[in-house]
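Examination of the molecular architecture
For reference, the chains in residue letters:
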Amino acid sequence: MTTLGVKTTNFLRAVTQNKKAMIALKVALVAFCALILTLSFANPAFAAETDINLDPAVHPVLNLINKLVNPLLLIVGAGGVIFCIILGVKYATAEEPQEREKRKQSLKTAIIGYLLIFILVVILRLSIGPLTKWMAGNSNTAQTSTSSTKTK
């Protein structure tokens, strides 16, 4: 194995065995999801009533996220495959029935999580087009309604 592979394996082993590291990873993941949700709803339609233009602040961040999604998905996908392979090897080499059952359950859990992530990614990719059209329609409606109220 290469040194990068060994370091990655050691990192994954350390994170999964350390409860504090798992909690920190979960907190970071929740914070990242909250940031993405906040940015996705930070639309000019919500700021139209106060005349705040969020486009200069939102679009660079959204462009950065869009550029990072594909490489991150590739890394997550490769990591998931490697993790499942490692768990499969551990399951195959387990000698005691209790240990074998424990590793079998962890392999099932990893595969279910892996599939769930990619099903959600597919759903997200399929829904981005309609959601973008819907938000554009709502922002146009909000902008025309505020401009008509200002002229009165």
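Keep in mind the model is a prediction, meaning the values are calculated, not measured. (Residues numbered from 1 in each chain as written. Predicted model: local features only at pLDDT ≥ 70, side-chain atom pairs only at ≥ 80, totals over all residues. Heavy atoms only, no water.)

Helices and strands together make up the secondary structure of the protein chain, namely five helices and zero strands. By the burial criterion, 14% of the 152 residues in the protein chain qualify as buried. In the protein chain, the share of contacts with a sequence separation of at least 24, taken over all contacts with a separation of at least 6, comes to 53%. Carbon and sulfur atoms form 72% of the exposed surface of the protein chain, whose accessible area is close to 11,900 Å². (Helix = DSSP H or I, 4+ residues; strand = E, 2+ residues; numbered from the N terminus. Buried < 20%, exposed > 50% of the residue type's maximum accessible area, 1.4 Å probe, protein only. Contact = heavy atoms within 4.5 Å. Areas by Shrake-Rupley, 256 points an atom, 1.4 Å probe, with all protein chains shown as cover.)

Turning our eyes to something else, we now look at the packing of aromatic side chains. The description of two aromatic rings rests on the distance between their centres and on the angle between their planes. Going through the model one piece at a time under the given rule, you end up with one aromatic pair. Just above the ring of Tyr91 sits the side chain of Arg100; from NZ or CZ to the centre is 4.7 Å. (Phe/Tyr/Trp six-rings, centres within 6.5 Å; stacked < 30°, edge-to-face > 60°. Lys NZ or Arg CZ within 6 Å of the ring centre and 35° of its normal.)

A water-sized probe rolled over the atoms picks out the places where empty space is left. The space that makes up the second largest pocket amounts to roughly 350 Å³. Considering the residues around the second largest pocket, the lining is formed by 13 residues, among which Thr16, Gln17, Phe83, Leu87 and Lys90 are closest to the centre. Listed by contribution, the elements that provide at least two residues to the lining of the second largest pocket are α1 (3-17), α4 (55-93) and α5 (97-151). The element contributing the most residues to the lining of the second largest pocket is α1, with five residues. Split into classes, the residues belonging to the lining of the second largest pocket amount to four nonpolar, four polar and five charged. (1 Å grid on protein atoms, 1.4 Å probe; cavity = no way out; pocket = protein on both sides within 12 Å on 5 of 7 lines; lining within 4 Å. Points joined across faces, edges and corners; volume = space filled by probe spheres on them. Nonpolar A, V, L, I, M, F, W, Y, C, P; charged D, E, K, R; others polar.)

In this section: the pattern of salt bridges. Following the criterion strictly, the structure yields one salt bridge and no others. Between Arg103 and Glu99 there is a salt bridge whose closest N-O contact spans 2.9 Å. With Arg103 and Glu99 both in helix α5, this residue pair falls four residues apart, about one helical turn. Given the relative accessible area of 24%, Arg103 is considered partly exposed. (Salt bridge = Lys/Arg side-chain N within 4 Å of Asp/Glu carboxyl O.)

This part takes up the environment of Leu12. Among the secondary structure elements, Leu12 is positioned in helix α1. On the accessibility criterion, Leu12 (29% relative accessible area) is partly exposed.

Moving on: a nonpolar patch on the surface. Together, Ile111, Leu115, Leu116, Ile119, Leu120 and Ile123 line one region of the surface with nonpolar side chains, adding up to about 560 Å² of accessible area. Assignment of secondary structure puts Leu116 in helix α5. (Patch = residues over 30% accessible without salt bridge, like charges linked within 9 Å, V, L, I, M, F, W, Y side chains within 5 Å.)

Turning next to the confidence of the model for the protein chain. Of the residues in the protein chain, 74% have a pLDDT of 70 or more, and the chain-wide mean is 75. Mean pLDDT per element in the protein chain: helix α3 (residues 44-47) is the minimum at 51, and α4 is the maximum at 82. (pLDDT = per-residue confidence, 0-100.)

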